[in-house]
Structures are given as structure tokens and as C-alpha cells.
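Close look at the chain arrangement
The lines below spell out each chain.
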Amino acid sequence: MKSLKQNLTVDNFIKIAVLSALLFWGFQIIKPFILLIIWAIIIAVSLYPILVKLFGVFKGKKKGLITSLFIIVLLGLIILPTVGVTKTIVDTTKDIYGKFEQGNLKVPPPNESVKEWPVVGEKLYGAWYNASSDTESFIRENPEEVKGLLGWLFGSFKGLMSAVLMSLVALIISGVFMASADSGYKSGVKFMDRMQTGRGIELMEMCINTIRSVVKGILLVAIIQAVLAYAGFAMIGLSSMAGILAILVLLLAIIQIPVALIAIPVIVYVFSFSETTPAIIFTIYMIIVALSDNVLKPLFLSKGLQTPMIVILMGAIGGMIFQGLLGLFVGPVILAILYEIYTSWVNQTESV
């Protein structure tokens, strides 16, 4: 009897060891693709309601063709603006560098009214005037500050382009996921049910609603703010810088930093060269753009969600810090699941 128990113990140990080795090996193989797959799942979950409506328009015929055309259109919507913005940034950079090499790089002088600004007026006017009178010397006298700003801009642009490239590949993969959405949903429900018996559908729906709400409440709002800001920059006469400034607005909006940090310096700059009336109109417009997230974000985030908004926002910000752009969407889902599990555990404890 003792020998039989020892054999069973050895058998179980071998099984666990082999299974652990296989899991570790499999994880190492798929590790480079995990973020891409998660990104594709998020895109598929977010876009599937639109695809279902298209199926309804065509009465469910040729779903494969409709899905393919849908993905191609979306790829075009991402690629075309990206190419345009990239071209604008490259052309602007070349123009600035060319003027610097020729000694023609100039910054418009500040308006006299800048002196009257409280606290920082005199210092800001002095630094601005020095930069406008001899831009090249100003850059040479402040190399670290200029390098730091350029490094941050380059890093932000590089990160954004990486995210765009990942989104393009993930969008193609999401088309495959959406084509088999029903089987994927059933598999997800079964997995969730194994995690917490009897709550598979509830947890699955919670994850789906969270993903869709965060996409609408954060990413969509950020895109809306960036597009509106781009329009304002272009109309006031900042066409050469509009693309770069719009990207900065997009990045700040995504990571939940007030867009006013970009809007205020631009407003100050506009007052230095524009007439008073257009500058005031631009100021009012940019204030509306900067504050628009206070209206749109609660509306989109709260719709269809039972999880408190503070949990979603903490997940978005913390996920962004921990995992970059992808964490913006994964973080709220993880925190929402943990919140639901915690709530269920507390309620079960109280009922015992």
C-alpha cells in the first residue's frame, strides 16, 4: 500500500513537471505575439457591433467578403492620415533645419502685452524676445533644453508610429477573430465559467462592455480632441506645425494629461503674430477643445458599465504607465474583473 502511494506521488510529480515545462516552453514561443494578440482582441471586440450592423444591411450574405472590405477600409482610414501627418512632420523638420543652416531661422517677436501677464510676464517676454532676435544663439546657449525637447518629441513620435504599425497588423488579425466571433465568445464564456462557476456570461459581458467603453471614452475622445485641435491650428495659420501639435494633443489626451498644456502655449504664440479678434476666437475655440473631454469622457465611459468610473480611470492610467498604449485598454479590463471578483467574494462572505 505504501509503495502504491509512493508510485502515485512520483507519477503526479512527473505529470506536473512535464505540464509545467510545456507551459513554460509554450509561453516563451508565443511571448513575442502576446501583446499583438491582445491588441487584436480589443480591436475585434470594439468594432464587432459595427460589423454586425453591416451584416444586417446586407442580410447576412457574404460575411467573409464584407469583413474583408471592412478591414481594408479601416486600414485605409489609418494609413492615409498617418502618411499625411508623417509627411508634414518630415517637411517641417527639413524646413526648420534648412533655415537653421542658412541662418534664417526666426521666431516671431512677442507682443508687448506679454509683459503685463502676472508673475511670469517679464521673464517670459525677455526669453521670448531673446529667442526672436537671435534664434541661433538662443539654441546654442540652451543646448540641453533644446535637446531634451527634441528628444521628447522624437520619442513620442517614434512610440506613436510603433503603435500605429502594431494597430495595422492587429487590425488584420482582428478580422480573423471577428469572422469567428460566435465560437470565440462561447470559448470565452466557458473559460470565465471555469474561473468563477455560474458567472461566465456575466464576466464575459463585463469584459466586452469595459473594452468598448474605454475605447470610446478615452481613445475616441482623444482622437476627437486631436482632430478639432488640428483644424484650429490650421485655420489660425499654423499649418506647418499643425500635424506635430495635433500629435502632442493626442498623446496628452490618451495619457489623461490636460490638453491645456499644449493649448495655452499655442494661444500665447498666436497672440504674438495674429490680429486680436482672430486670436480671441482661436482662444475660445481651443478652450472648448481642451474642456470637451469633461463632457464626452463621462458620457462614453459610464454608458453600459456597472464598474465605477474611478476603477476604469485608474486602470487606464496605471495600465498606460505599466504597459504603454496597450495597457490603456488592458488595465481597465483587469481592474474591472478584479473589482467584480472582490465584490462577489465580499457578498458571499456576508451571506455565510
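Quantities reported herein were computed from a predicted structural model and do not represent experimental measurements.

1. Examining the packing of aromatic side chains
Evaluated as defined, the whole model comprises one aromatic pair. For the ring pair phenylalanine 233 and phenylalanine 282, a centre distance of 6.3 Å and an interplane angle of 50° mean the geometry is tilted. One end of the pair, phenylalanine 233, is in helix 8 (residues 200-236); the other, phenylalanine 282, is in helix 11 (residues 276-291), and 49 residues separate them in sequence. Residue phenylalanine 233 shares its accessibility class with phenylalanine 282, and that shared class is buried.

2. Comments concerning the confidence of the model for the protein chain
When pLDDT drops low, the exact placement of atoms in the prediction is not to be read closely. Here the protein chain shows a mean pLDDT of 76. Residues at 70 or above account for 72%. At the level of individual helices and strands, the protein chain shows its lowest average pLDDT in helix 5 (residues 135-141), which scores 60, and its highest in helix 11, which scores 87.

3. Things to note about the side chain of serine 174
Within the secondary structure, serine 174 is located in helix 6 (residues 143-179). A residue is classified by how much of its surface remains accessible, and serine 174, at 0% relative accessible area, is buried. Aside from chain neighbours lying at most four places away, what touches serine 174 is Ala40, Ile43, Ala44 and Ile71.

4. Some points on a nonpolar patch on the surface
On the surface, Val10, Phe13, Ile14, Val18, Leu22, Trp25, Phe27, Ile29 and Ile30 cluster together into a nonpolar patch covering about 950 Å² of accessible area. Relative to the helices and strands, phenylalanine 27 resides in helix 1 (residues 2-30).

5. What about the packing of helix 2 (residues 34-57) against helix 8?
Between two packed helices, what matters for the description is the angle formed by their axes and the separation of those axes. Two elements in contact, helix 2 and helix 8, have axes separated by 9 Å at closest approach and are oriented at 85°. Considering their axes alone, helix 2 and helix 8 lie roughly perpendicular with respect to each other. Residues Ile42, Val45, Ser46, Tyr48 and Pro49 of helix 2 touch helix 8, and the partners they reach there are Ile208, Ile211, Arg212 and Val215. Residue composition of the contact of helix 2 with helix 8, by class: seven nonpolar, one polar and one charged.

How each quantity is defined
- Residues numbered from 1 in each chain as written.
- Predicted model: local features only at pLDDT ≥ 70, side-chain atom pairs only at ≥ 80, totals over all residues.
- Heavy atoms only, no water.
- Phe/Tyr/Trp six-rings, centres within 6.5 Å; stacked < 30°, edge-to-face > 60°.
- Helix = DSSP H or I, 4+ residues; strand = E, 2+ residues; numbered from the N terminus.
- Buried < 20%, exposed > 50% of the residue type's maximum accessible area, 1.4 Å probe, protein only.
- pLDDT = per-residue confidence, 0-100.
- Contact = heavy atoms within 4.5 Å.
- Patch = residues over 30% accessible without salt bridge, like charges linked within 9 Å, V, L, I, M, F, W, Y side chains within 5 Å.
- Areas by Shrake-Rupley, 256 points an atom, 1.4 Å probe, with all protein chains shown as cover.
- Salt bridge = Lys/Arg side-chain N within 4 Å of Asp/Glu carboxyl O.
- Axes fitted to C-alpha atoms, helices over the stretch in contact; angles between N-to-C directions.
- Parallel < 35°, antiparallel > 145°, perpendicular 65-115°, else oblique.
- Nonpolar A, V, L, I, M, F, W, Y, C, P; charged D, E, K, R; others polar.

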